[in-house]
Amino acid sequence: MQITIQADARNTKNILTLMEEAGCRLPCNCHGKHHCPGRYSFDCDMVPKATVTVTLPDTEQDIQGIALENRPLVPGPADTLLIDLGTTTAALVLMDKKNGELRQSCVFPNPQRSFGTDVISRIQASCEGWGTELTTQIREALQRETALLCQKNGQKTENITHCLIGGNTTMIHLLMGYDCAPLAASPFIPHEKSPAPFSADGTDIWIMPWLSAFVGGDITAGIYACGLENTDKTSLLIDLGTNGEMVLSHKRHLYAAATAAGPALEGGNLSCGCAAVPGAISQVRLQRGRAQTTTIGNKIPVGLCGSGALTLCAELLRHNFLSPEGILSDSFPVEGIYLGRTADGRNLHFLADDLRQLQLAIASIGAGIDTVCKEAGILPEEIECLYVGGGFGFFLPIQDGILLRMLPDLSLDKIHIMGNTCLQGLYLCSHKNAVEHMISLPYTIVNLASHPYYKERFLHHMTYSEDVSSITNS
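Residues numbered from 1 in each chain as written. Predicted model: local features only at pLDDT ≥ 70, side-chain atom pairs only at ≥ 80, totals over all residues. Heavy atoms only, no water.

> Got a sec to walk through the pairing of strand E6 (residues 162-167)? Specific residues and values, please.
Sheet faces and side chains relate simply in a regular strand, where the side chains alternate between the two faces. For E6, a buried count of 6 out of 6 residues is recorded, marking the element as mostly surrounded by other parts of the structure. Residues of E6 alternate between two faces, with His-162, Leu-164 and Gly-166 on one and Cys-163, Ile-165 and Gly-167 on the opposite face, all of them buried. Where strand E3 (residues 80-85) lies against E6, 6 bridges are found, and the strand directions are parallel. Counted as the bridge partner of Leu-81 is Cys-163 from E6. Examined bridge by bridge, E6 and strand E8 (residues 203-207) share 4 bridges and lie parallel to one another. When the sheet's bridge partners are listed, Leu-164 is paired in E8 with Trp-206. (Buried < 20%, exposed > 50% of the residue type's maximum accessible area, 1.4 Å probe, protein only. Helix = DSSP H or I, 4+ residues; strand = E, 2+ residues; numbered from the N terminus. Pairing = 2+ DSSP bridges.)

Here it is in structure tokens:
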């Protein structure tokens, strides 16, 4: 989409301000400070002195990764609504609570993205006086999409008598209209343990409890989806994304942590990065130095999503563009690895700076896993079941994650790709009325930011195994 912005030589406003005045608010995590280059075709701090036309990304493309897709949609009335309230997208599912049948589902962009694409930006916006607007945006969007979903199912919204919601702690604070200021600074104390069940317009609403400011109810739902709360096996759930949440279950006790992996695993902060939308490059293999790419839906490429970037990082290591010490060789092209061309003629390249973003994200995840394991008194290789949650895992070749030391070196039969564990957990909780049980789980929060072992292991995970031949492309 293109938009023309009127300006003249007397203009003193930056491009973001002018676009907002024209009725177009764009996600910009740095708020015009030019700390997130590459997201748009223009500098966000540009002060145009003449009329300018800019190209904007299509924000209405379908987002991939909604789970429960293995369960068929069956015609019939629905009385229960499941909501996975994510930072980037929200997913809704209509179901019949009595027999567990699914009726309708949808995914739509979180409208709060106009205030930034990560939770830090949302917290900042809330603290700057935009809290009411953020709350109104998401409430109206949920009401609108619920009405459309019910209409599609041939029923009224009044027929919905139960609703379960899972989301990260910040998103729930914004939904409920809570003050986000306590989430902005240490000791990062949420508003309360979790919202108590309540009723609205005849619908009983349960919100999955959070474990901390950075381990939210979406992860609590994932715990239930993977059975971590009642297993005797040493099991780890990891949600690969910006916050890198993870929960280890060992001897019936939970160890939870969140690591600031950054947005690279979701395509953010990459020169040609994008979300997991149709046309996103989801896998890259190198043949004679040239990239062979796979896109979601076999569409014309629109950008590089997180899984594609990670597979390329693994390929760079396999083909000696990247040394085991984590350093690029002289054979890495100065202009980067050419990935393809978009429909509008834009060339896509993977740059050295993109690799650095991936390395930091990978190291943070790997070091986080090492640290929660140390707190439990075990080694990562003692994990008996590893559950990988999030849309990222749909397209991730596990061997690449192991090669790059993001995931522990486990046999593949111990690793399970789960997809959207939030929705799966909500589905199970709605069927078994288990929400209240999740509030009383025994757990320990592991603060990675101040943990000396995490810092030590982070440096370790910035390097890779000398022997890459033992880990194949399978």
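> Would you mind going over the sheet that holds strand E12 (residues 280-287) in detail, with residue names and values included?
Reading across from one edge, E13-E12-E14 is the order of the 3 strands in this open sheet, with mixed pairing throughout. If you trace the sheet from one side to the other, it starts and ends with strand E13 (290-295) and strand E14 (303-304), each paired once. Direction of pairing for E12 relative to E14: parallel, over a ladder of 2 bridges. Bridging across to E14, Ile-281 finds its partner in Leu-304.

> So what's going on with the side chain of Asn-11? Which residues, and what values?
Its place among the elements puts Asn-11 in the loop between strand E1 (2-5) and helix H1 (15-21). Reaching out from Asn-11, the side chain makes a polar contact with the backbone oxygen of Lys-13 at a distance of 2.9 Å. The residues touching Asn-11, leaving out its near neighbours within four places in the chain, are Leu-18, Val-47, Pro-48 and Lys-49. (Polar contact = N/O pair within 3.5 Å; in protein donor to acceptor, adjacent residues only side chain to side chain. Contact = heavy atoms within 4.5 Å.)

> Could you give an account of the sheet that holds strand E7 (residues 198-200), with specific residues and numbers?
In spatial order, the strands read E5-E4-E3-E6-E8-E7; together these 6 strands make up an open sheet with mixed pairing. On the outer flanks of this sheet lie strand E5 (102-109) and E7, each paired with one strand and no other. Taking the axes of each pair of neighbouring strands and ignoring which way they run, one obtains an average angle of 20° across the sheet. Across the sheet, helix H2 (residues 119-152) touches E3, strand E4 (89-95) and E5, and the angle it forms with E5 is around 145°. (Axes fitted to C-alpha atoms, helices over the stretch in contact; angles between N-to-C directions.)

> Tell me about the pattern of salt bridges, residues and numbers included.
Under the definition given, this model contains 9 salt bridges. A salt bridge links Asp-8 to Arg-10; its shortest N-O distance comes to 3.3 Å. Take Asp-8: its relative accessible area is 33%, and that puts it in the partly exposed class. By relative accessible area, Arg-10 is classed as exposed at 71%. Each member of the salt-bridge network shares a partner with another, and the members are Arg-285, Glu-315, Arg-318 and Asp-400. (Salt bridge = Lys/Arg side-chain N within 4 Å of Asp/Glu carboxyl O.)

> Give a description of helix H10 (residues 452-460) that names residues and reports values.
Those residues of H10 that fall on the buried side of the exposure criterion are Tyr-454, Arg-457 and Phe-458. Along the axis of H10, the buried residues cluster in a sector spanning 110°; they form a single face. Seen from the open side of H10, the exposed residues pointing more than 90 degrees away from its buried face are Pro-452, Glu-456 and Leu-459. As for H10, its buried residues are in contact with helix H6 (352-376). (Arc of directions from axis to C-beta.)

> Can you break down the nonpolar core residue by residue, with the values?
By size, the foremost hydrophobic cluster in this structure holds 62 residues, and its most contacted members are Leu-248, Leu-310, Leu-316, Leu-339, Phe-350 and Met-406. Looking at this core element by element, the count peaks at 11 residues for H6. Not counting residues up to four positions away in its chain, the partners in contact with Leu-248 are Thr-234, Ser-235, Leu-236, His-253, Leu-254, Tyr-255, Val-372, Cys-373, Ala-376, Ile-378 and Ile-383. Judged by nonpolar contacts, the second largest core, of 33 residues, contains Phe-108, Phe-115, Ile-138 and Cys-163. (Core = buried A, V, L, I, M, F, W, Y, C linked by side-chain atoms within 4.5 Å.)

> Describe the side chain of Thr-169, listing the residues and the values that go with them.
Mapped onto the fold, Thr-169 is located in helix H3 (residues 169-176). Those residues within four positions of Thr-169 in sequence are excluded, and the remaining contacts are Leu-183, Pro-190, Trp-210, Ser-212, Ala-213, Phe-214, Val-215 and Gly-216.

> Let's hear about the pairing of E4: which residues, and what values?
Most of E4 sits out of view: 7 of its 7 residues are buried. Here E4 shows a buried face lined by Thr-89, Ala-91, Val-93 and Met-95 and a second buried face lined by Ala-90, Leu-92 and Leu-94. Note: E3 against E4, 6 bridges, orientation antiparallel. Opposite Thr-80, over in E4, you have Met-95 as the bridge partner. Two successive antiparallel strands, E3 and E4, enclose a turn made up of 3 residues.

> Lay out the environment of Ala-258 with the relevant residues and their values.
Topologically, Ala-258 is positioned in strand E11 (residues 253-258). The spatial distance from the C-alpha of Ala-258 to the C-alpha of Ile-445 is 9.0 Å, given a sequence separation of 187 residues. With residues near it in sequence (within four places) discarded, Ala-258 still touches Phe-214, Val-215, Asn-243, Gly-244, Glu-245 and Leu-448.

> Pulling in residues and values, what's your account of unusual backbone geometry?
Of note, the amide linkage connecting Ser-186 to Pro-187 takes the cis form, showing an omega dihedral of 10°. Looking at where Pro-187 falls in the secondary structure, it is placed in the loop between H3 and E7. Within the chain, Arg-288 stands out as a residue other than glycine whose phi angle is a positive 55°. Residue placement: Arg-288 occurs in the loop between E12 and E13. The exposure class of Arg-288 is exposed, given its relative accessible area of 87%. Positive phi, close to 65°, is recorded for Arg-405, a residue that is not glycine.

> Got a sec to walk through the packing of H2 against H3? Specific residues and values, please.
Geometry of a packed helix pair, given as the angle between the helix axes and the separation of the axes. Axis separation between H2 and H3 bottoms out at 7 Å; the angle between their running directions is 60°. The handedness of the crossing between H2 and H3 is right-handed. Where H2 abuts H3, its residues Val-119, Arg-122, Ile-123, Ser-126, Leu-134, Thr-135, Ile-138, Arg-139 and Leu-142 lie against Thr-170, Met-171, Leu-174, Leu-175 and Met-176. Residues belonging to the contact of H2 with H3 are distributed by class as follows: 9 nonpolar, 3 polar and 2 charged. (Left-handed = near helix turned anticlockwise from the far one by under 90°. Nonpolar A, V, L, I, M, F, W, Y, C, P; charged D, E, K, R; others polar.)

> Could you give an account of the packing of aromatic side chains, with specific residues and numbers?
Under the defined criterion, the tally for this structure stands at 3 aromatic pairs. A ring pair is formed by Phe-115 and Trp-130, whose centres lie 5.3 Å apart and whose planes are at 55°; its orientation type is tilted. Of the two residues, Phe-115 is situated in the loop between E5 and H2 and Trp-130 in helix H2; the sequence distance between them amounts to 15 residues. Ring centres of Tyr-454 and Phe-458 lie 6.2 Å apart, and the angle between their planes is 50°; this geometry places the pair in the tilted category. Placement of both Tyr-454 and Phe-458 in helix H10 is noted, with a separation of 4 residues, approximately one turn of the helix. Residue class for Tyr-454 comes out buried when judged on its relative accessible area of 12%. (Phe/Tyr/Trp six-rings, centres within 6.5 Å; stacked < 30°, edge-to-face > 60°.)

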